[in-house]
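Residue-level listing of the chains:
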Amino acid sequence: MKKLIALALALAMVFTLAACTNPDSGDSQNPNPSGSTPGGTSDTLRLALSTNDGSTTDDKVPTPWYNRNMATNLMFRSLFIADSSLSSVSPDLAESYTISDDGLTYTITLKDGLKWSDGEALTVDDVIWSIETAQATAMINAIYTSAFAKIDTISAEGNVITMTLTEPYSAMLDVLGQFAILPKHCLEGVDPLNLDTNEFWQNPVTNGYFAMGELNVGNYFTLVVNPNYEGTAPKIQKVTVSFVNDFLTAAQSSSVDYLYGNATDLVEGMESLTNYTSYEVEVLFYKYFIFNMAGTDGKTNEAMQNVEVRKALIEAIDRATLATLYPSATVLNSGVPNEHEAYNGFEYTFDAEKAKADIQASGYDMSRTLRICYYNNDQTSVDLINTIVYYLQQAGLTVEATLSNDGTTDLFTTREYDIGFKGKSSFSIDEWYTEYASDDALFQMIFNGDTDFDPLLAELSSATDTASRNAALEKLQALEQEKVYKVPLFTVGNYVFMSNNVKLPAGTEFCNPLYNCDVDFANWELA
Amino acid sequence: MLKFILKKLLLMIPMLIVISFIVYFGLQLTGIDPINSMVSPEVLSANADRIDELREELGLNDPLIVQYGRWLGGILTGDLGYGLDGTPIARTIATRLPYTLELAGYSLILSAIIGIGIGIISAIRQNGVIDYVGRVLAVLGQAVPQFLVGILMIWIFSIKLGWFPASNRVDPMATNAFVDAFLHLFLPVATLTIGMVAVLMRYARNTMLDVLNSDYIKTARSKGIPEWKVYLKHGFRNAMKPVLVILMFRIPTLIGGSVVIESVFSYPGIGTTMTNAITSNDYPVVMVTTLIIAATMLVCSFMVDVLNALLDPRVRLGE
């Protein structure tokens, strides 16, 4: 018996030791602050890519046209580079540029002597090929296809590219500031629809600070300094990018120097790690409802046709309370943030009793089941949906919420729902409103290809000064609040977490981590 | 015996076909359109003609039974097809399967040594300290889900103590491949081993106890044969026959169980590949990996049958 007790005590001590061990301060700082696993060195910046959402696979480098992140930002440059607002750019691969007064002709001069990491010259042919190919590529961020659809002609003479547009597009430079130029000599024979799955991405030729080192499928890839980079070489000489399932675990085990995210569990978990510094980044990450109205295929959802029903449903939901589920959420009433000068001041109010009366007065069939469809399976989203279901049940409705495994298909093709819950990490306010375009590939299937927004969208995209842009935004807000096709709940702020191993230059500002901006990487140092 | 083996082998063929049929049509019933995963929505509408061509090229417009026949024909000729990300599935399997076999192999060997060892000692020293502790741990090992054990392992040994990495199989900064392999394999192997040890320990103990209470053991003792010889030569050898069958049956469980453990540890084996394929609706990969796991189970089941028949002639005579 004594032996048993001794064994039990020994086990208890092991667990206690594990729970309390901290070689430094006794708080929750990780015991491996150097971050180096055995054999590691401290001259390497360690990045991680999460593979748990299906958008990144662990057998190749993500394609920057679809998936911008710190790793691809270090590998691929654009004609321009944005500041942290993403709405102001300066030349990067470009030497200079001019825009005609009517906003229809862009003349961009490329820098001399640019080279790819394999030593080939980077020329205007690469730029033109990239822009033309992007429009037919299978997986690409919508900001590029929207902008490049406005291009009428593109040609080059010497180092000068001339691009004419069919109509002014005010965000064109900002979009070009994100658009990575890819090597034509490596990819020109590839079917654009298969470009993102091409073997090129296992050993890509780059034009940024870093060239590809080694890819170890399922584990990591490494980056080494690009010997042909024409700018100031970075002080950090090597980067490793590990494929992980969970950012938080990677941070808790001190195996990553830079990560980002806005999930509640991640933000709360990172707050307890003293060897990381967090940087809150204002981003337009919309969380919003969409109503399934009718599609251009003729399939109509009769229950949601009455705008009074849609308004009453929103009135039944306390969006301010829902926002508290997220670490940094700001309630919205349109696509324009409340603090923006163009915000029109309208507010969706929460009034449970009035909502109940309004739903009954609208003639809505109270015996039918209201169907909610959502696709985010993280716990915060599940909690949010459960709370929404509760609010709607309080209004006397029977509600059924379905978690979709294929959001795009279920929300825009199958369409067996009344209210959809979506998220959108938006490049700009404009991107929110382009979803109302009558020819939007997805939203025409639930907003019936309504053309009412089209002239206002054209007005917004061609606005070249703040006053005319704000005027267009105010009209768009009024129309969206009248139609109630989609209703924003809130925007969710994002966070960048940086290990204390990294010394950032003074004044470094981070942007939306899903885009690229100038973070003065050349002057980053490792402690 | 040869007739028995041939019969069992032939029976596997219709079973594999039925499994492949269920896997293929089951996944088709989910209604997932692979084009949605291959092409972004904006491109879908802007390149409708090209998308139709792509659909035709991929054979997605053919009747389901034709698609199934083509897929099965491909599998039989060694062409496993392509994942939705364009990677040949054969290449994916060739890269990932060794990782899983490595994980399952080490777990199998370790669990066999530890489980059988403790089980035998528990039986010999029945109601002793090792027996009590072993029984408690066996119950715990079976009762606690493996993913929970994995998470606890990470929390204790990776996050709190910092002894082992929490994810992946290879460290990009590793300088010693052996040390790196040990560090990365330790936690997932230990997690898989704990669950397996529990089963083997209980089974080995009970079987050994049965054997030790049998008449021939009493006879051996009465002949004055040394006790260690009684345990090893007469007890252990006879007790191990059914334990080996159980061990064989655990192989598919190990490979199936690694789906969860690999995800917990971001271990780049077949399990993680399957989980990621499910997340990204990459059903060609899901189909092939499911089929591989099912085939492994069938092969193990076949080997168990053969082993049983070898150990006990009544089995093959009964057939």
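Residues numbered from 1 in each chain as written. Chains lettered and ligands numbered in written order. Predicted model: local features only at pLDDT ≥ 70, side-chain atom pairs only at ≥ 80, totals over all residues.

Participant: Please explain the overall build of chain B as it appears in this structure.
Facilitator: Each helix and strand in chain B was counted, giving 14 helices and zero strands. Counted from the first residue to the last, chain B has its helices and strands arranged as α-α-α-α-α-α-α-α-α-α-α-α-α-α. When each of the 319 residues of chain B is scored for burial, the buried share is 36%. When contacts within chain B are restricted to residue pairs at least 6 apart in sequence, those whose partners lie at least 24 apart make up 72%. (Helix = DSSP H or I, 4+ residues; strand = E, 2+ residues; numbered from the N terminus. Buried ≥ 20, exposed ≤ 12 C-beta atoms within 10 Å, placed from the backbone. Contact = placed C-beta atoms within 7 Å.)

Participant: Could you clarify how one ought to interpret the overall build of chain A in this entry?
Facilitator: Along its length, chain A carries 16 helices and 21 strands. Computed over the C-alpha atoms, the radius of gyration of chain A is 25 Å, within 12% of the 24 Å expected from 2.2 N^0.38 for a compact globule of 527 residues. With the principal axes as the frame, chain A shows a C-alpha extent of 90 × 70 × 40 Å. The buried share of chain A, taken over its 527 residues, is 44%. Contacts spanning at least 24 positions in sequence make up 69% of the contacts within chain A whose residues lie at least 6 apart. (Rg over C-alpha atoms; globule rule 2.2 N^0.38 Å.)

Participant: Hey, could you run me through the pairing of strand β5 (residues 105-110) of chain A in this one?
Facilitator: One face of the sheet, then the other: side chains in a regular strand alternate in exactly this way. Residue and element names in this part refer to chain A. Burial of the side chains of β5 is restricted to one face: Y106, I108 and L110 are buried, whereas none of T105, T107 and T109 on the reverse face is. When strand β4 (residues 94-99) meets β5, the two strands line up antiparallel, connected through five bridges. Along β5, the bridge assignment pairs Y97 with I108. Both β5 and strand β7 (residues 160-165) contribute to a ladder of five bridges, which runs antiparallel. (Pairing = 2+ DSSP bridges.)

Participant: Please clarify how the sheet that holds strand β6 (residues 151-157) of chain A should be interpreted in this entry.
Facilitator: Pairing between the strands of a sheet comes from backbone hydrogen bonds, and it takes one of two forms, parallel or antiparallel. All names here are of chain A. Here we have four strands laid out as an open sheet, ordered β4-β5-β7-β6, and antiparallel in their pairing. The sheet is open, and its two borders are formed by β4 and β6, each paired with just one other strand. The mean inter-strand angle of the sheet, taken between neighbouring strand axes irrespective of direction, is 15°. Taken strand by strand, helix α3 (residues 124-134) contacts β5, β6 and β7, and its axis lies near 165° from that of β6. (Axes fitted to C-alpha atoms, helices over the stretch in contact; angles between N-to-C directions.)

Participant: Help me out: how do you make sense of the confidence of the model for chain A in this one?
Facilitator: Low pLDDT marks regions whose predicted coordinates should not be analysed in detail. Residues and elements named next belong to chain A. In the predicted model, chain A carries a mean pLDDT of 88, and the fraction of residues at 70 or more is 92%. Taken element by element, the predicted model of chain A shows its lowest mean pLDDT in helix α1 (residues 2-20) (45) and its highest in β5 (97). Low confidence marks residues 3-7, where pLDDT is under 50. Its contacts with residues over four positions away, or in another chain, come to four contacts. Note that residues 9-41 has pLDDT below 50 and, in this model, 61 contacts with residues that lie over four places away or in other chains. (pLDDT = per-residue confidence, 0-100.)

Participant: How should the packing of helix α11 (residues 227-264) of chain B against helix α12 (residues 270-279) of chain B be read in this particular structure?
Facilitator: How two helices sit against one another is set out by the angle between their axes and by the gap between those axes. Residues and elements named next belong to chain B. Packing of α11 against α12 leaves a shortest axis separation of 7 Å and a crossing angle of 80°. As far as their axial angle goes, α12 and α11 are roughly perpendicular. Between α11 and α12, the residues in contact are S258, V259, I261, E262 and S263 and G271, T272, M274 and T275, respectively. Of the residues in the contact of α11 with α12, the class split is three nonpolar, five polar and one charged. (Parallel < 35°, antiparallel > 145°, perpendicular 65-115°, else oblique. Nonpolar A, V, L, I, M, F, W, Y, C, P; charged D, E, K, R; others polar.)

Participant: How should the sheet that holds strand β16 (residues 398-403) of chain A be read in this particular structure?
Facilitator: Residue and element names in this part refer to chain A. With respect to topology, six strands assemble into an open sheet ordered β14-β18-β13-β17-β15-β16, the strand pairing being mixed. Unpaired on one side and paired on the other, β14 (329-331) and β16 mark the two borders of the sheet. Each adjacent strand pair in this sheet contributes to an overall mean axis angle of 25°, direction not counted. Bridging between strand β13 (residues 284-291) and strand β17 (residues 419-426) involves eight bridges; their strand directions are antiparallel. Within β17, the residue paired with F285 across the bridge is S425.

Participant: Even after reading the chapter, I still don't get the confidence of the model for chain B, so can you show me in this structure?
Facilitator: Within chain B, residue pLDDT values average 85, and 95% of them lie at 70 or more. Here the predicted complex scores 0.82 on pTM and 0.78 on ipTM.

Participant: Help me understand helix α8 (residues 264-271) of chain A in this model?
Facilitator: Within an α-helix, residues lying three or four positions from one another point in the same direction, as the helix has 3.6 residues per turn. All names here are of chain A. Those residues of α8 lying buried are L266, V267 and M270. Burial along α8 is one-sided: seen end-on, the buried residues are contained in an arc of 95°. Residues of α8 that are buried sit in contact with α7 (247-252), β11 (258-261), β12 (276-281) and β19 (494-499). (Arc of directions from axis to C-beta.)

Participant: Is there a simple way to think about the pairing of β17 of chain A in this case?
Facilitator: Across three bridges, the pairing between strand β15 (residues 369-374) of chain A and β17 of chain A is parallel. The partner of Y374 of chain A across the bridge, within β17 of chain A, is F421 of chain A.

Participant: Looking at this model, I keep getting lost on the nonpolar core. Mind explaining?
Facilitator: Note that soluble globular proteins tend to have their nonpolar side chains buried in a common cluster. Ranked by internal contacts, the top residues of the largest apolar core, which has 127 residues, are A251 of chain A together with L200 of chain B. Considering each element in turn, this core owes the most residues, 15 residues, to helix α9 (residues 177-212) of chain B. Excluding its chain neighbours within four sequence positions, the residues that come into contact with A251 of chain A are V256, L259, M270, L273, Y276 and F497 of chain A. Counting 57 residues, the second-largest nonpolar core is a separate cluster that includes V309, F421, L476 and V487 of chain A. (Core = buried A, V, L, I, M, F, W, Y, C linked by C-beta atoms within 7 Å.)

Participant: Explanation requested: unusual backbone geometry in the structure shown.
Facilitator: Leaving glycine out, the prevailing phi sign among residues is negative, and the prevailing peptide bond configuration is trans. With phi around 65°, L86 of chain A is a residue other than glycine that occupies positive phi space. Residue position: L86 of chain A is located in the loop between β2 (80-82) and β3 (89-91). Its identity is not glycine, yet N168 of chain B carries a phi of approximately 70°, on the positive side. Inspection of the secondary structure assignment puts N168 of chain B in the loop between α8 (146-160) and α9. On the neighbour-count criterion, N168 of chain B (26 C-beta atoms within 10 Å) is buried.

Participant: Even after reading the chapter, I still don't get helix α16 (residues 466-483) of chain A, so can you show me in this structure?
Facilitator: All names here are of chain A. For α16, spanning 18 residues, the distance from its first C-alpha to its last is 26 Å, which sits close to the expected 26 Å at 1.5 Å a residue. Residues of α16 that are buried: A472, L473, L476, Q477 and E480. The buried side chains of α16 occupy one side of the element, clustering within an arc of 140° when seen end-on. Away from its buried face, by an angle of more than 90 degrees, α16 presents the exposed residues A467 and E482. (Expected span 1.5 Å × (residues − 1).)

Participant: Would you mind going over the environment of A90 of chain B with me for this structure?
Facilitator: Note that A90 of chain B resides in helix α6 (residues 89-124). For the pair A90 of chain B and V288 of chain B, spaced 198 residues apart in sequence, the C-alpha to C-alpha distance is 9.3 Å.

Participant: Would you take a moment to explain the packing of helix α9 (residues 307-315) of chain A against helix α11 (residues 352-361) of chain A for this structure?
Facilitator: All names here are of chain A. Viewed as axis vectors pointing N to C, α9 and α11 meet at an angle of 160°, and their least axial separation amounts to 8 Å. Accordingly, the angle class assigned to the pair α9 and α11 is roughly antiparallel. For α9 against α11, the interelement crossing comes out left-handed. Contacts between α9 and α11 involve E308, V309, A312 and E315 from the first element and K354, A355, D358 and I359 from the second. For the contact of α9 with α11, the class distribution of residues is four nonpolar, no polar and four charged. (Left-handed = near helix turned anticlockwise from the far one by under 90°.)

Participant: Even after reading the chapter, I still don't get the environment of L152 of chain B, so can you show me in this structure?
Facilitator: Mapped onto the elements of the fold, L152 of chain B is located in helix α8. The sequence separation of L152 of chain B and T191 of chain B amounts to 39 residues, and the corresponding C-alpha distance is 9.5 Å.

Participant: How should I be thinking about the environment of G218 of chain A in this particular structure?
Facilitator: With respect to the element layout, G218 of chain A can be found in the loop between β8 (210-216) and β9 (220-225). C-alpha of G218 of chain A to C-alpha of F243 of chain A: the two residues are 25 residues apart in sequence and 6.7 Å apart in space. Ignoring sequence-local partners within four residues, the contact set of G218 of chain A consists of D58, D59 and F243 of chain A together with T95, R96, R169 and P268 of chain B.

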